[in-house]
Amino acid sequence: MPIVESFDFSEDRLPNLNPLWDQTTETIDISTLSEGEYVLTGTYVLGTPLAMLLDALPIPALLMDESYVIIFANKACGNISPDYRRVENRSFSSLFPRPKEADKADILIRKVFLSRKAHSYEGLLEIEGGKIWSRMHLRSLRRDNQTSVLALVENLTLEKRQLLLTKKHEEQLKIAQNDLERLVEERTAELLKINEELRKAREELEDRVEERTAKLKSFNEKLRSEIGVRRRTEKALKDSQEKYRIVVENANDGIIVHQQGKIHFVNKRFEDIIGYSNHELKSKDFFELIHPEDRKAASEADRKMVSDRSAPRNFTYRVVDRKGRLRWLDIHAVAVTWQGTPATLSFLTDTTSKRKLEEEVLKIQKLESVGVLAGGIAHDFNNILTAVQGNISLAKIYMPGNGKALGRLKEAGKACKRAQSLTNQLMTFAKGGAPIKQSASIAKILREACEFAVRGSNVRCEFVIARDTWPVEVDEAQISQVFSNLVINADQAMPHGGTIYVSAENVVITNENGSTVKPGKYVRMSVRDEGVGISPENLLKIFDPYFTTKKTGSGLGLASTFFIIQNHEGSISVTSKEGVGTKFVIYLAASQAVLIQDVPEDGGIFMGQGRILVMDDETSIRDLTSELLSMLGYEAVVAKNGTEAMELYLEAKKTMKPFDAVILDLTVPGGMGGNEFLQQLLRIDKNVKAIVSSGYSNDPIMAECEKYGFKGVIPKPYDAEDLSRVLRRVMYGECA
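None of these values were measured; they are calculated from a predicted model. (Residues numbered from 1 in each chain as written. Predicted model: local features only at pLDDT ≥ 70, side-chain atom pairs only at ≥ 80, totals over all residues. Heavy atoms only, no water.)

## Examining the overall build of the chain
- Counting secondary structure elements, the chain contains 18 helices and 23 strands.
- Residues classed as buried in the chain amount to 41% of the 736 residues present.
- Pairs at least 24 residues apart make up 63% of the contacts formed inside the chain by residues separated by at least 6 positions. (Helix = DSSP H or I, 4+ residues; strand = E, 2+ residues; numbered from the N terminus. Buried < 20%, exposed > 50% of the residue type's maximum accessible area, 1.4 Å probe, protein only. Contact = heavy atoms within 4.5 Å.)

Listed below in structure tokens is the structure:
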């Protein structure tokens, strides 16, 4: 029966609730959540703290905006229907297939919005073909002056079914009991009557022989009828027991009855959890199944519960299944009597998968925390490298001849490139960015990265790559880094030499594959070694930042690999056996774009001419870029922020000396950055040729610069050659 059944749902009976806005309400204020994490209309932004919080709930949850439209459905809605995401952007009342319930739901959510009071409602709920009997708890959420409603869905389907089944059984038992009592009364009356007749018969034996015979026949008929009724009663009782047996055997939780550890009963679900058969379990002690570290506590808790009915009844223990695997169980225990002796009835829920998911979420949160710090460090380091690498390139140009000093400068330039590789690894952890992708041949990337990584070692790579391998849309530098990291690890795992097996093939993932990636076309790659292997305890930590078992390792290699694959919307998994070797498997989505052919680079510098406006908050970078541009033949004008750059741009246009291109730093602390400046500039000059530059090389704007109005991108650090190439491409439309 709905909790809100006393509320009149008719629209003409709705009270005027406008004054309630000035009263105390039950609305939850979520204004403290960080900016941009909450959208009142449209699909809710996944990955935000509130979304992650709702996704972590074990019960379905829906979020509606002020138009009564569902803007977010959490992952637990998938227990009702795998297509639960389709309910987003639909009205809340559309979830109720019965028109009357839909009308009531529509009125109720209006009441929640108006009154800002929490309400509950029971009814038949349907999400994309999945139906449950639900109790919905509705509560309003407020962000500033905007309100939404959170609906938590409690599944009452099993409770309803069990209630109906219990009621039916009680009615059957009551009927059987009444029939039995009636039969007993009838038999008692008959026996009294027969006894009276026998007494009279003894007195009138000869006269009443025929009458006595007739009465005996009547008694026999009634006795046969009584036997038939008893048999039917016994059958009804047996049927009732069978129904209860079916319920127990098909329960989602394991059920077990034991007396001081000796097992007397287990259901099929517990057999599935533990891996032993019913017969095997009845020959075991229940506490032997519990992990040795939890065994003493479990035995003591069971003893207390049997002797003291007020003792705790809910426990969490680890058990070891038939295959030696560790499983976590939430146990609700009840003290009962079994065949006249105290016993323990336990309901066991396998939470192993849930705990693994929680550990995975925690690992991702740890990586994201490191990403915030890594992104800032990499940005500042890239700014420093820009000044160092740029000045080295200028010094190489100004250096006469080909002496030792020039050789030292070249070595310094190579060192800058290696430092840039390190910042790229740090940048991989930067929160909120995306790789700079283009369609590429994974076969070429694999061969070049793997062969380079084993150059000079006693390990060789053996490739098995399908000829028709589909292209993938990736950031080539980042994916090269992934396979370089994996091959270097494999090389180090085989100090006495060996073979690394590298493969790539096309696969099509469907819903039936049970894969962790979305259905579609993928290229599956693997890197397998014959090394020492990884221990089970370390296997869980290999993707954690700064975790390493090597004395000289940084702990960033596999962590950056994990983040790169995640940012490419792929998946990476690992299996290992000590003494046998390790295998990494990676899935990357196949690209539908045309494969971009390689363009040979001659390594030269391209001269040009024109006026260039440079905006950067770093004085050293402004000075360096200005000198690089002058050396390349351009006239450079510099500004330290967007406001100053706008003044210079308008003045140049007014004096008929317009700029041919602008180079804009994306991030300017405390001032107008490159993107904001460009959006204002496009209103004045829609043909402006803007180049975006940033130390955050994996910022979304850097990855898709054209989407934001930029014509080109030059990540920091850069030198004269990099700058000349991007200017040639943007200003003259030539491939440099």
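Having put the structure on the table, let's press on.
## Re empty space enclosed by the protein
- Enumeration according to the criterion identifies two cavities of 30 Å³ or more in this entry.
- For the largest cavity, the calculated volume is near 90 Å³.
- Considering the residues around the largest cavity, the lining is formed by 14 residues, among which Phe-286, Asp-302, Phe-315, Tyr-317 and Ser-346 are closest to the centre.
- Sorting the residues of the lining of the largest cavity by element identifies α7 (292-307), β9 (314-320), β10 (326-338) and β11 (341-350) as the ones contributing at least two each. (1 Å grid on protein atoms, 1.4 Å probe; cavity = no way out; pocket = protein on both sides within 12 Å on 5 of 7 lines; lining within 4 Å. Points joined across faces, edges and corners; volume = space filled by probe spheres on them.)

## Thoughts on a nonpolar patch on the surface
- A cluster of nonpolar side chains, contributed by Ile-397, Ile-605 and Met-607, occupies part of the molecular surface with about 260 Å² of accessible area.
- Summarising the element assignment, Met-607 is placed in the loop between β18 (581-589) and β19 (611-615). (Patch = residues over 30% accessible without salt bridge, like charges linked within 9 Å, V, L, I, M, F, W, Y side chains within 5 Å. Areas by Shrake-Rupley, 256 points an atom, 1.4 Å probe, with all protein chains shown as cover. Salt bridge = Lys/Arg side-chain N within 4 Å of Asp/Glu carboxyl O.)

## Overview of the UniProt feature "modified residue: 4-aspartylphosphate" (unreviewed entry) in the chain
- The UniProt entry lists Asp-665 under the feature "modified residue: 4-aspartylphosphate" (unreviewed entry), expressed in the numbering used here.
- With respect to the element layout, Asp-665 can be found in strand β21 (residues 661-665).
- Among the residues examined, Asp-665 registers a relative accessible area of 1% and is labelled buried.
- Ignoring any residue separated from it by four or fewer positions in sequence, one finds Asp-665 in contact with Met-615, Asp-616, Asp-617, Gly-673, Gly-674, Ser-693, Ser-694 and Lys-716. (UniProt positions renumbered as here; feature names shortened; annotations may be inferred.)

## Things to note about helix α14 (residues 619-632)
- Here α14 is 14 residues long and its end C-alpha atoms lie 20 Å apart, about the 20 Å a rise of 1.5 Å per residue gives.
- Looking at the residues trailing α14, positive phi occurs at Gly-633, about 105°. (Expected span 1.5 Å × (residues − 1).)

## What about the sheet that holds β11?
- With antiparallel pairing, the five strands of this open sheet are ordered in space as β8-β7-β11-β10-β9. In this open sheet, the two edge strands, each paired with only one partner strand, are β8 (262-266) and β9. Averaged over neighbouring strand pairs, the angle between their axes works out to 35° when direction is ignored.
- The pairing of β10 with β11 spans 10 bridges and is antiparallel. Following the sheet pairing, Leu-329 is matched in β11 by Asp-350. (Pairing = 2+ DSSP bridges. Axes fitted to C-alpha atoms, helices over the stretch in contact; angles between N-to-C directions.)

## Observations regarding the pattern of salt bridges
- Enumeration over the complete set of coordinates arrives at 30 salt bridges.
- Notably, a salt bridge pairs Glu-101 with Arg-98, separated by 3.2 Å at the nearest N-O pair.
- Take Glu-101: its relative accessible area is 12%, and that puts it in the buried class.
- Through salt bridges that share partners, Glu-122, Arg-135, Glu-154 and Lys-160 make up one connected network.

## Structural notes on unusual backbone geometry
- Of note, the amide linkage connecting Lys-716 to Pro-717 takes the cis form, showing an omega dihedral of 0°.
- Here Pro-717 lies in the loop between β23 (712-713) and α18 (720-732).
- Backbone geometry at Asn-89 places phi at a positive 75°, although glycine is not the residue there.
- Tracing the backbone through its elements, the reader meets Asn-89 in the loop between β3 (70-73) and α2 (99-115).
- The backbone of Glu-569 shows a phi angle near 60°, a positive value even though the residue is not glycine.
- Looking at the secondary structure, you find Glu-569 in the loop between α13 (557-567) and β17 (571-577).

## As for the packing of helix α11 (residues 476-492) against α13
- Across the interface, α11 lies against α13 with an axial gap of 9 Å and an inter-helix angle of 145°. For the element pair α11 and α13, the recorded crossing hand is left-handed. In this structure, α11 contributes Gln-478, Ile-479, Gln-481, Val-482, Asn-485, Leu-486 and Asn-489 to the contact, and α13 contributes Gly-557, Leu-558, Ser-560, Thr-561, Ile-564 and Ile-565.
- The residue inventory of the contact of α11 with α13, partitioned by class, reads six nonpolar, seven polar and no charged. (Left-handed = near helix turned anticlockwise from the far one by under 90°. Nonpolar A, V, L, I, M, F, W, Y, C, P; charged D, E, K, R; others polar.)

## Thoughts on the nonpolar core
- Formed by 39 residues in total, the largest nonpolar core has its most connected members in Ile-442, Phe-483 and Ile-500.
- Not counting chain neighbours up to four residues away, the residues in contact with Phe-483 comprise Ile-442, Leu-446, Ala-449, Cys-450, Met-525, Val-527 and Ile-586.
- The next biggest cluster of nonpolar side chains, apart from the first, holds 26 residues, and it includes Ala-73, Ala-105, Leu-108 and Leu-138. (Core = buried A, V, L, I, M, F, W, Y, C linked by side-chain atoms within 4.5 Å.)

## Section: the side chain of Thr-625
- For Thr-625, the location among the structural elements is in helix α14.
- Once residues lying within four places of it in the same chain are set aside, the contact partners of Thr-625 are Val-614, Tyr-718 and Leu-723.

## Comments concerning the environment of Val-454
- Mapping Val-454 onto the fold places it in the loop between α10 (442-453) and β13 (459-465).
- Distance in space between the C-alpha atoms of Val-454 and Ser-484 is 8.9 Å, their sequence separation being 30 residues.
- With sequence-adjacent residues up to four places away left out, Val-454 is seen in contact with Val-459, Cys-461, Val-487 and Ile-500.

## A closer look at α10
- Between the first and last C-alpha of α10 there are 16 Å, a value that for 12 residues agrees with the 16 Å anticipated at 1.5 Å per step.
- Taken as a whole, α10 has its buried residues at Ile-442, Ile-445, Leu-446, Ala-449, Cys-450 and Ala-453. Projected down its long axis, α10 carries its buried residues within an arc of 105°, all on one side. (Arc of directions from axis to C-beta.)

## Comments concerning the sheet that holds β19
- One open sheet holds the five strands; their spatial order is β20-β19-β21-β22-β23, and the pairing between them is parallel. Looking at the sheet topology across the chains shown, the edges are occupied by β20 (635-639) and β23.
- Where strand β22 (residues 690-693) lies against β23, two bridges are found, and the strand directions are parallel. Paired with Ile-691 across the two strands is Gly-712, which belongs to β23.
- Sitting on the sheet, helix α16 (residues 674-684) touches β19, β21 and β22, and the angle it makes with β21 is about 145°.

## Topic: the packing of aromatic side chains
- Following the criterion strictly, the structure yields 10 aromatic pairs and no others.
- Seen from their ring centres, Phe-543 and Phe-562 are 5.4 Å apart, and the 35° between their planes marks the pair as tilted. In this pair, Phe-543 sits in the loop between α12 (536-539) and α13 while Phe-562 sits in helix α13, placing the two residues 19 residues apart along the sequence. Each member of the pair Phe-543 and Phe-562 is classed as buried.
- Across from the ring centre of Tyr-276, 4.7 Å away, lies the NZ or CZ of Lys-284, which sits over that ring.
- Over the aromatic face of Trp-328 sits the side chain of Arg-355, whose NZ or CZ is 3.8 Å from the ring centroid. (Phe/Tyr/Trp six-rings, centres within 6.5 Å; stacked < 30°, edge-to-face > 60°. Lys NZ or Arg CZ within 6 Å of the ring centre and 35° of its normal.)

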